[in-house]
Amino acid sequence: MKPGIHPAALAASLLLLPLLPAGLVAQDARLTARLAPGPRAAVQRLVDSAAAARLPTEPLVRKALEGESKGADSTRIVLAVQRLLARLGTARQLFGPETNEAELVAGAAALQAGATPESLTRLSTLRPRERLAVPLSVLADLLSSGIPAGQAWSSVYDMASHGAADAEFLALRDRLTGADGRQRGLPPPAERPPSAPLPGPEHSP
Amino acid sequence: MDEEMDASNEPLLGDIVGSLRAPVSIGDGAVERAMAQLRREALAARRWRQVGLAVGIAAALVLAFIGALRLRHPLAPNAGVTFALAAPSASRVVLIGDFNDWNPKANPLHRGARQWSVTLSLKPGRYRYSYVVDGSSWQADPGTPPADDEFGAPTSVITVAN
């Protein structure tokens, strides 16, 4: 009999492999291909830290790739990844260990846009955890679009307290920011049929 | 007393032993019939085992399918999000963002009558992206909210819901 790995051991390894933190499995090939050795090592350490803390690593890799594609210098790239890791960690603390990646990413975006941790905690108590990503994302969008924080927060909070659906949050965001509704499945404006003109006053002065 | 009873039972025991030792006569073909019956029972048992195995495999497949659906649902791709930019004088427009690892070769836009566009199937989530016009000019999407950007390039964000 040839020496080799026992089939049961191989099967167990394959089953357990996805459970290992990504950073412990291998260096991310995308980072290897696109970052210089210095920033690559720094980003990889941050990615490994995230994996060890059971935080999502993919947003960190994407942030580094974004910086590289935009021609940012190494310091800015590493700093941006470091800050994102901190925000993801804060979101995890606020929402709990069962929070999924989409919610953590949206929560981190809301924090970056200026939402307070207290507001995120209040929001999380209003909706089941699996439905938190879109309200958080919309809150981040409103704040990033320059909507005053008080108005942005009260709009999202009111909808959340009434059990609004995700589509309603997106419609709210479109209404307040002037977005074109593409994210709700509508075609781009140029491909829509022309809308009827709004009715004007019967007797204009 | 016991010895007297044993002695009186001796003829009866002898008869019983004799009848048990007597050869049993069986009819013609009895062995063949018995063997045929055994074969039928073995065949029936094998068929039941096969039916049970088939039912088990079918149940496992159904459970696996249901499990896969439940796992897939939260990450099911969106029907399609169209990214479009009006850039009449551009010779090339590409879409670059979280969904393609910020790779400028991944998603070029196609020139249409009124605008450049491309449609992608995206999983639910929040994605940052930009357009790059003619290889160097970064542009945000005028139809979606702006994103906070640490790197100084115009960036937009799109949220894809379930």
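Preceding block: the structure.
Residues numbered from 1 in each chain as written. Chains lettered and ligands numbered in written order. Predicted model: local features only at pLDDT ≥ 70, side-chain atom pairs only at ≥ 80, totals over all residues. Heavy atoms only, no water.

**Q** Describe the interface of chain B and chain A, listing the residues and the values that go with them.
**A** Of the residues lining the interface, 33 residues belong to chain B; the matching set on chain A comes to 37 residues. Contact between chain B and chain A buries roughly 3000 Å² in total, counting both sides, with carbon and sulfur atoms accounting for 51%. For the chain B face of the interface with chain A, the top three residues by lost area are Arg 126, Glu 150 and Phe 151 of chain B, together amounting to 26%. Linking chain B with chain A are 7 salt bridges, by the criterion used here. Between chain B and chain A we count 13 residue pairs in polar contact (both at pLDDT 80 or more) in total. Of all the elements in the fold, those that place two or more residues in the side of chain B that touches chain A are β1 (81-85), β6 (125-133) and β8 (156-160) of chain B. Ranked by residues supplied to the side of chain B that touches chain A, first place goes to β6 of chain B with 5 residues. Partitioning the side of chain B that touches chain A into residue classes produces 14 nonpolar, 10 polar and 9 charged. (Contact = heavy atoms within 4.5 Å. Buried area = accessible area lost by both parts, 1.4 Å probe. Salt bridge = Lys/Arg side-chain N within 4 Å of Asp/Glu carboxyl O. Polar contact = N/O pair within 3.5 Å; in protein donor to acceptor, adjacent residues only side chain to side chain. Helix = DSSP H or I, 4+ residues; strand = E, 2+ residues; numbered from the N terminus. Nonpolar A, V, L, I, M, F, W, Y, C, P; charged D, E, K, R; others polar.)

**Q** Quick one: what's the story with the packing of aromatic side chains, residue by residue and with numbers?
**A** Each aromatic ring pair is described using two quantities: the centre-to-centre distance and the angle formed by the ring planes. Per the stated rule, a full pass over the model turns up 6 aromatic pairs over all chains. Note on Phe 99 of chain B and Tyr 127 of chain B: the rings are 5.8 Å apart at their centroids and 55 degrees apart in plane angle, and the pair reads as tilted. With a gap of 28 residues between them, Phe 99 of chain B in the loop between β2 (93-97) and β3 (107-108) and Tyr 127 of chain B in strand β6 connect regions that are remote in the sequence. Looking at Tyr 127 of chain B, the relative accessible area reads 10%, which means it is buried. With a centroid separation of 6.0 Å and 80 degrees between ring planes, the pair formed by Tyr 129 of chain B and Tyr 131 of chain B is classed as edge-to-face. You'll find Tyr 129 of chain B and Tyr 131 of chain B in the same group, each marked buried. The ring of Tyr 157 of chain A has Arg 122 of chain A lying over it, and the distance from NZ or CZ to the ring centre is 4.5 Å. (Phe/Tyr/Trp six-rings, centres within 6.5 Å; stacked < 30°, edge-to-face > 60°. Buried < 20%, exposed > 50% of the residue type's maximum accessible area, 1.4 Å probe, protein only. Lys NZ or Arg CZ within 6 Å of the ring centre and 35° of its normal.)

**Q** Please set out the environment of Glu 58 of chain A residue by residue, giving values where relevant.
**A** Residues and elements named next belong to chain A. Summarising the element assignment, Glu 58 is placed in helix α5 (residues 58-69). A relative accessible area of 25% means that Glu 58 is categorised as partly exposed. Distance from Glu 58 to Val 47, taken between C-alpha atoms, is 8.4 Å for residues 11 residues apart in sequence. A polar side-chain atom of Glu 58 sits 2.7 Å from a polar atom in the side chain of Arg 30.

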